[in-house]
There are 2 protein chains.
Amino acid sequence: MSKDIPYKIYLEENEMPKQWYNVRADMKKKPAPILNPGTLQEVTVEELSHIFCEELAKQEVDNTTPYFDIPEEILNFYKMYRPSPLVRAYCLEKKLGTPAHIYYKFEGNNTSGSHKLNSAIAQAYYAKKQGLKGVTTETGAGQWGTALSMACSYFDLDCQVYMVKVSYEQKPFRREVMRTYGAKVTPSPSMNTEVGRKINAEFPGTTGSLGCAISEAVEAAVSQEGYRYVLGSVLSQVLLHQSVIGLETKAALDKYGIKADTIIGCAGGGSNLGGLISPFAGQMLRNEADYEIIAVEPASCPSLTRGTYAYDFCDTGKVCPLAKMYTLGSGFIPSANHAGGLRYHGMSSVVSELYDQGLIRATSVEQTSVFQAAQMFARVEGILPAPESSHAIKVAIDEALKCKESGQAKNIVFGLTGTGYFDMVAYQKFNDGEMSDYIPTDEELQKSISTLPQVNL
Amino acid sequence: MSKDIPYKIYLEENEMPKQWYNVRADMKKKPAPILNPGTLQEVTVEELSHIFCEELAKQEVDNTTPYFDIPEEILNFYKMYRPSPLVRAYCLEKKLGTPAHIYYKFEGNNTSGSHKLNSAIAQAYYAKKQGLKGVTTETGAGQWGTALSMACSYFDLDCQVYMVKVSYEQKPFRREVMRTYGAKVTPSPSMNTEVGRKINAEFPGTTGSLGCAISEAVEAAVSQEGYRYVLGSVLSQVLLHQSVIGLETKAALDKYGIKADTIIGCAGGGSNLGGLISPFAGQMLRNEADYEIIAVEPASCPSLTRGTYAYDFCDTGKVCPLAKMYTLGSGFIPSANHAGGLRYHGMSSVVSELYDQGLIRATSVEQTSVFQAAQMFARVEGILPAPESSHAIKVAIDEALKCKESGQAKNIVFGLTGTGYFDMVAYQKFNDGEMSDYIPTDEELQKSISTLPQVNL
């Protein structure tokens, strides 16, 4: 049978999903509602609409509608870089000598270099449809900012990106890609916003933080007529849009009669993992199938494996809604791990609830072992993976090696979220043997978790 | 009919070409033979085999065999990143308001970021098959070095890359990709070779040149047991391997009953252009079809449009064989154009001969207009193109706008050779309005052309 499976399974354009899937609809126990940061009470769509586009605010709180039609304009944009291939890792299998069949869904074949574009184009579309002038956002490593720049350029929307100052200076190439797409990229903290000016005055010479950039982006959105704030992960609306990854993966597997046994994704805020697993978790929730789902997080930022399931702020600045999630505390400062996209203190409330219900298991891995896996993968499969994605590679390899021991021919599917072309400083550190690992102590975690807000619903 | 054409035409794996096509076989007047640089007489396969692998030396001089089987090991590697998509540029057409149908063959969806991998894997395969320990090469901008590193890693061959010192220092990310694939990257001029030591002594602090790097790579190959030198462009063997681009393009067009009218490619050494047009030029040579073929070169390095058709050295160091080609003289120093891959004084002898026979027309374009086209393309088609590839984009847009004036619905096909992720310094200059254009004067060209070697065959 394996002989009939090509190296790359591409769906035809007419086989692409025409609807997003909302896994919350199939959950008997729903994710807890998100809260207004001012009142600590369940937020209304109207309140959310001051920050987010109306349509997105509705998607954010919708726990019951299983499918949302993908608007034709978004489908057309998807056609420029989707369907993404589901790749059979023949060369990796051979290298490992494993009887397992390894597949990866490769989301890196677009200029943003990651899966982030799937939600960026949706958020830009709804902003345009609402007649907005533009959107604001923050970016750390830069994948999300790049994706949003591309999406806004396509719909002729103004795009204002607050980029953490240290990244702005150290990652000039990401910045230039955004500028090429017409985005205004501002190093944060800036002097454009009240919060930025305040932080600059308090901490002269600061190189910024994601929390600060979020606060600036939100202030910029609410203080400009015709602007809203957009976010690339954590939110349930983002997981909804990212379900296109899982739907395509499932369609490609079904096309060749392949039943996945193990599904693996890296987990930062949960956008990729949630998107990849949604349709599979849906089957599990409906008792139609069973899968082993593994979330992989960095040992330096272990929200699922060592965090607490509680209400917390989604941002350090405490201006965004609160969500119930596995969290290390919004004051947790992750070490300078090179997988910038995974350095987030919390986890999507949908992924958190599925994890709490036992549908997902989680594991954490250390940075050096991740880059060893990345290098091996690059050499045999020809794709230079992003540090974030390499967390999933590491565990996929481990699982395939377990199959080698047990002799099982499992079908292992993992999400390869993006490429590492803009992460060569990290690879250089690895190539030079200068990469270090860091695991927070129990005391550190207790300290940051002890700052969780008191919520009485 | 256009409704039935998807955004991206992917061939099935079993539709991929199984043979390379050698356009020389269909040329009544053949390209002139290459010469031994020592004797200035036609070089023999045996002489060539001191520098190149035997099989490649044979391919280099074979003017008569029309098809070469692609070895299975190479086909399997191709399957990891090929077939590459033939994309219908619906969004660009809409933006231009042209009745023309625009298609591009996108070769950038692999980690080397360009078409160079098509020949790198072939050259590495034949080196491995011959039992060699490794290969040496030079790289300027880094695409070729990256591709060769990937290919050598796959076949477990040692890979020694002499990288022009200024690029080594200014493009550390390219260097790190090569290192990640296990290549030894040495800034040139180095102290490893006699020629390198000599140049360092003569010009202390020099930042190197491609000519010098070639000389070092050739010396390193011939002075180490079990090594040969490999080259990523200009050679006829490279065009043979790159014919896979044209063969796939033609198969994809044929699959949808599309007859190309105009075929456009950027031209530096000719590897991409020659590969793209080979099967189409073959049809023209056999009087089976007619196409308008356009070679696009930078105005700063205009070998076809302003050069002379004569024997010249392929390298500044004068250690490689001589070829009859359109050339600006091997001593010509192109200005610091950002399309590093097009900064070459000469042109593939096959492309030169086809041009001389009138099957190809050539045009040159200035850098700033190329980046304007690149930016527009990036914004509407979602792909950030390499500066080299953007030369073809510029002329494809010009041709589509001519169709708008004339009302003709031509089918325009161009080669999008690669992505610009490692060229953000150039984009930054463009974004900041600091890009300049340079066109050599007639006097400058006359001076460099006057240094051509005297060849009496």
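(A) Representation of the nonpolar core in the model. If you look at the biggest cluster of nonpolar residues, it comprises 245 residues, and the most contacted ones within it are Trp-20 and Phe-414 of chain A together with Trp-20 and Phe-414 of chain B. Excluding its chain neighbours within four sequence positions, the residues that come into contact with Phe-414 of chain A are Ile-102, Tyr-103, Tyr-104, Lys-105, Ile-264, Leu-276, Phe-377, Ala-392, Ile-393 and Ala-396 of chain A.

(B) Quick peek at helix α16 (residues 387–406) of chain B. For α16 of chain B, built from 20 residues, the straight-helix expectation of 28 Å at 1.5 Å per residue is met to within 8% by its first-to-last C-alpha distance of 29 Å. In terms of residue burial, α16 of chain B counts as a mostly covered element, since 14 of its 20 residues are buried.

(C) Here's a closer look at the relation of the copies chain A and chain B. With an RMSD of 0.0 Å, the operation that places chain A on chain B is a rotation of 180° combined with a shift of 0.0 Å along the axis. The relationship between the two copies is best expressed as a two-fold rotation axis. Among all residues of chain A, the minimum C-alpha distance to the rotation axis is found for Asn-109 of chain A, at 3.1 Å. Take the interface residues of chain A: 100% of them recur as interface residues in chain B, which is what a same-surface contact looks like.

(D) Representation of the side chain of Glu-381 of chain B in the model. Here Glu-381 of chain B shows up in helix α15 (residues 367–381). No salt bridge is formed by the buried Glu-381 of chain B; its nearest oppositely charged neighbour, Arg-88 of chain B, is found at 8.5 Å. Here the side chain of Glu-381 of chain B touches Cys-91 of chain B through a polar contact of 3.2 Å, landing on its backbone nitrogen. Not counting chain neighbours up to four residues away, the residues in contact with Glu-381 of chain B comprise Met-80 of chain A together with Val-87, Ala-89, Tyr-90, Cys-91, Leu-92 and Tyr-104 of chain B.

(E) Seen up close, the sheet that holds strand β14 (residues 360–365) of chain A. Residue and element names in this part refer to chain A. Here we have seven strands laid out as an open sheet, ordered β1-β4-β5-β15-β10-β11-β14, and mixed in their pairing. Lying at the two open borders of the sheet, with one neighbouring strand each, are β1 (8–9) and β14. With two bridges joining them, β1 and strand β4 (residues 86–88) adopt antiparallel strand pairing. Across the sheet, Ile-9 pairs through a bridge with Leu-86, a residue of β4. Most of the contacts of helix α15 (residues 367–381) go to β14, to which it runs at about 95°, and overall it touches β4, β5 (101–106), β14 and β15 (411–416).

(F) Geometry of the sheet that holds strand β9 (residues 227–229) of chain A. Residue and element names in this part refer to chain A. Strand order in the open sheet formed by four strands is β8-β7-β6-β9, and the pairing between neighbours is parallel. Either end of the sheet is taken by a strand with one partner, and the two such strands are β8 (184–188) and β9. On average, each strand axis in the sheet is tilted by 25° relative to the strand beside it, whichever way the strands run. Pairing of strand β6 (residues 134–139) with strand β7 (residues 158–164), which is carried by six bridges, proceeds in the parallel orientation. For Glu-138, the partnering residue across the bridge sits in β7 and is Tyr-162.

(G) Geometry of the interface of chain A and chain B. The interface is formed by 43 residues belonging to chain A together with 43 residues belonging to chain B. Roughly 4000 Å² of surface becomes buried between chain A and chain B when both sides are summed, with 55% attributable to carbon and sulfur atoms. At the boundary of chain A with chain B, the tally comes to two salt bridges. In this structure, Arg-179 of chain B engages Asp-432 of chain A in a salt bridge whose closest nitrogen and oxygen atoms are separated by 2.7 Å.

What counts as what
Positions within a chain are numbered from 1, following the residues in the order the chain's sequence is written. Whichever chain is written first becomes A and whichever ligand is written first becomes 1, with later ones labelled in order. Where totals are concerned, whole chains, interfaces and linings use all residues; where local detail is concerned, this predicted model gives features only for residues with pLDDT of at least 70, and gives and counts side-chain atom pairs only at 80 or more. Working from all heavy atoms in the structure, the side-chain values ignore hydrogens and water. Among buried residues, those of type Ala, Val, Leu, Ile, Met, Phe, Trp, Tyr and Cys that are joined through side-chain atoms within 4.5 Å constitute a nonpolar core. Throughout this description, buried means an accessible area under 20% of the type-specific maximum (1.4 Å probe, protein chains only), exposed means over 50%, and partly exposed covers the range between. Any two residues whose heavy atoms approach within 4.5 Å are treated as being in contact. Counting from the N terminus, the helices are DSSP H or I runs at least four residues long and the strands are E runs at least two residues long. Here, expected helix span is obtained from the residue count minus one, scaled by 1.5 Å. Residues reaching a pLDDT of at least 70 in both copies supply the C-alpha atoms on which the copies are superposed by least squares. A positive count includes Lys and Arg, and a negative count includes Asp and Glu. His and the chain ends are not counted in either. Criterion for a salt bridge: a side-chain nitrogen of Lys or Arg within 4 Å of a carboxyl oxygen of Asp or Glu. Polar contact is defined as a pair of N or O atoms within 3.5 Å, subject to the rule that within protein one atom must be able to donate a hydrogen and the other to accept it, and that residues adjacent in sequence are counted only when both atoms are side-chain atoms. A pair of strands counts as paired when DSSP detects no fewer than two bridges linking them. As a rule, the C-alpha atoms of each element are fitted with a line to give its axis, helices using only the stretch in contact, and angles between N-to-C directions run from 0 to 180 degrees. Accessible area that two parts lose when put together, evaluated with a 1.4 Å probe and summed over both, is termed the buried area.

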